[in-house]
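Results of the structural survey
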Amino acid sequence: MNIGILEYDKEVAYQLISVMRDFCPNIQVAQWEKISDMKEEIRRERNYKILFVSLEKNPLDIIEYAGRLKELNTSVKIIFVTELNEYVFEVFRADPTYILQRPLDI
């Protein structure tokens, strides 16, 4: 299973990857620090099952992009990672699977 993480905070990304690998050691995890890198990778490799997407930078653009991804691939699970509570209602336009609030409590 392929999982992607767009996360600007390296510690949060490390926590997510560590937990996933502890429970599912055979998964493939791609990590991006820029939305442009994530978009390019998804354009080339469309078989991501789960995407953890930080809303730290350009949240409205990311929410819109995530919504388009869900329209193209209804089976992809999108999990927003945020501490930006003012965008909590906007994320529902993208039909997220879940929302993780930062700081993570793992």
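For the structure itself, consult the block above.
Residues numbered from 1 in each chain as written. Predicted model: local features only at pLDDT ≥ 70, side-chain atom pairs only at ≥ 80, totals over all residues. Heavy atoms only, no water.

What follows deals with the overall build of the protein. Helix and strand counts for the protein stand at three helices and five strands. Its helices and strands taken in sequence order, the protein reads β-α-β-α-β-α-β-β from the N to the C terminus. Here the protein, with 106 residues, has 42% of them falling under the buried criterion. Counting contacts in the protein only where the partners sit at least 6 residues apart, residues at least 24 apart contribute 65% of the total. (Helix = DSSP H or I, 4+ residues; strand = E, 2+ residues; numbered from the N terminus. Buried < 20%, exposed > 50% of the residue type's maximum accessible area, 1.4 Å probe, protein only. Contact = heavy atoms within 4.5 Å.)

With that out of the way, let us pick up the pattern of salt bridges. Under the counting rule described, the total for this entry stands at five salt bridges. Notably, a salt bridge pairs Lys10 with Glu33, separated by 3.2 Å at the nearest N-O pair. With a gap of 23 residues between them, Lys10 in helix H1 (residues 10-23) and Glu33 in the loop between strand S2 (28-32) and helix H2 (35-44) connect regions that are remote in the sequence. A salt bridge links Arg44 to Glu40; its shortest N-O distance comes to 3.7 Å. Residue Arg44 and its partner Glu40 are located together in helix H2, separated by four residues, close to a single helical turn. The exposed category is assigned to Arg44, whose relative accessible area is 58%. Here the residues in one salt-bridge network are Glu40, Glu41, Arg43 and Arg44, joined through shared partners. (Salt bridge = Lys/Arg side-chain N within 4 Å of Asp/Glu carboxyl O.)

Turning next to unusual backbone geometry. When glycine is set aside, most residues are seen to have a negative phi, and most peptide bonds are trans. The backbone of Asn58 sits at a positive phi, close to 50 degrees, despite the residue not being glycine. Its place among the elements puts Asn58 in the loop between strand S3 (48-54) and helix H3 (59-72).

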